[in-house]
Amino acid sequence: MQALLNSVLAEQARVLEGGGDKYVARHRERGRLLVRERIDLLLDPENRFEIGSEVLPVDSLKFTDGKKYPDRLKAATLETGETDALVVVHGTIKAVPLVLAVFEFEFMGGSMGSVVGERFVRGAQVAVENGHAFACITSSGGARMQEGLSSLMQMAKTTAVIQELALAGLPF
């Protein structure tokens, strides 16, 4: 699985360097791909389903720094079109099934809050249940301070689910 993923990533880099792809101009403009663009370049176009998209952030702490947390979330959603910093999709790469989690750095620096942790865990659990590989493309700014301790708890939660993948003998 690692060799297959490396081959697809190398192919993706060649496409971006060589031009001619619909994402090249935008990539060169921004210097990075948005999450959906990366997913489109990695996964086969058919038989995809998103995992955890119904999980949305909540401002349980009523956190305010220079800006209220709900206002930061709204701005990030308007900028990216995403509801949080992680998109998880079950699909295939060259007909090999896997669950792919991809961070969106443009959404609050790709920081991990409770939604990111929950989506990651749900994705890994789908991989375990189906006996499929799990891959994660990271670009994270760390824990999301606006969610306090619940943000930090996601690290323990995601580490635990990675152990489930390891125990199942699945590539991740």
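Quick caveat: nothing in here was measured; it's all calculated off a predicted structure.

Here's the deal with the packing of aromatic side chains
Note on aromatic pairs: each is described by the distance of the centres and the angle between the planes.
Part 1 of the reasoning: For the structure shown, the criterion picks out one aromatic pair.
Part 2 of the reasoning: Aromatic side chains Phe120 and Phe134 sit 5.0 Å apart centroid to centroid with 80° between the ring planes, which places their arrangement in the edge-to-face category. Taken as a pair, Phe120 in helix α5 (residues 114-130) and Phe134 in strand β4 (residues 133-137) lie far apart in primary sequence, 14 residues in all. Here Phe120 and Phe134 have matching classes, each one buried.

Observations concerning the nonpolar core
Part 1 of the reasoning: Judged by nonpolar contacts, the single largest core of 24 residues is most densely connected at Leu86, Val99, Phe134 and Leu165.
Part 2 of the reasoning: Only α4 (69-80), β2 (86-93), β3 (96-103), α5 and α6 (148-167) provide two or more residues apiece to this core.
Part 3 of the reasoning: Looking at which element gives the most residues to this core, the answer is α5, with six residues.
Part 4 of the reasoning: Among residues more than four places away in sequence, those in contact with Leu165 are Ala124, Ala127, Val128, Phe134, Leu170 and Phe172.
Part 5 of the reasoning: If you look at the next biggest cluster of nonpolar residues, it comprises 13 residues, including Leu42, Val87, Val89 and Leu100.

A look at the pairing of β4
Part 1 of the reasoning: With four of five residues buried, β4 lies mostly within the body of the structure.
Part 2 of the reasoning: What joins β3 to β4 is α5, and the crossover it makes is right-handed.

Here's the deal with α6
Part 1 of the reasoning: For α6, spanning 20 residues, the distance from its first C-alpha to its last is 31 Å, which sits close to the expected 28 Å at 1.5 Å a residue.
Part 2 of the reasoning: Of all the positions in α6, only Ser151, Gln154, Thr158, Val161, Ile162 and Leu165 are classed as buried. For α6, the angular spread of the buried residues around the axis is 110°, confining them to a single face. Among the exposed residues of α6, those pointing more than 90 degrees away from its buried face are Leu149 and Leu167.
Part 3 of the reasoning: Packing partners of the buried residues in α6 comprise α5 and β4.
Part 4 of the reasoning: One or two steps after α6, the chain reaches Gly169, where phi turns positive at roughly 70°.

Digging into the sheet that holds β2
To summarise the sheet geometry, strands pair through backbone hydrogen bonds and adopt either a parallel or an antiparallel arrangement.
Part 1 of the reasoning: Across the sheet, four strands lie side by side as β1-β2-β3-β4; this open sheet has mixed pairing. Whereas interior strands pair on both sides, the edge strands pair on one side only; in this sheet they are β1 (49-51) and β4. Between one strand and the next, the sheet's axes are offset by a mean angle of 30°, whatever the strand orientation.
Part 2 of the reasoning: Running over the sheet, α5 touches β1, β2, β3 and β4 and is turned about 20° from β2.

Quick notes on the environment of Ile162
Part 1 of the reasoning: Checked against the element boundaries, Ile162 lands in helix α6.
Part 2 of the reasoning: For the pair Ile162 and Gln125, spaced 37 residues apart in sequence, the C-alpha to C-alpha distance is 9.2 Å.

Brief notes about unusual backbone geometry
Part 1 of the reasoning: The backbone of Ala95 shows a phi angle near 70°, a positive value even though the residue is not glycine.
Part 2 of the reasoning: On the accessibility criterion, Ala95 (61% relative accessible area) is exposed.
Part 3 of the reasoning: Although it is not a glycine, Met108 adopts a positive phi angle of roughly 50°.

About the thresholds
- Residues numbered from 1 in each chain as written.
- Predicted model: local features only at pLDDT ≥ 70, side-chain atom pairs only at ≥ 80, totals over all residues.
- Heavy atoms only, no water.
- Phe/Tyr/Trp six-rings, centres within 6.5 Å; stacked < 30°, edge-to-face > 60°.
- Helix = DSSP H or I, 4+ residues; strand = E, 2+ residues; numbered from the N terminus.
- Buried < 20%, exposed > 50% of the residue type's maximum accessible area, 1.4 Å probe, protein only.
- Core = buried A, V, L, I, M, F, W, Y, C linked by side-chain atoms within 4.5 Å.
- Contact = heavy atoms within 4.5 Å.
- Right-handed = clockwise from strand over helix to strand, strands pointing away.
- Expected span 1.5 Å × (residues − 1).
- Arc of directions from axis to C-beta.
- Pairing = 2+ DSSP bridges.
- Axes fitted to C-alpha atoms, helices over the stretch in contact; angles between N-to-C directions.

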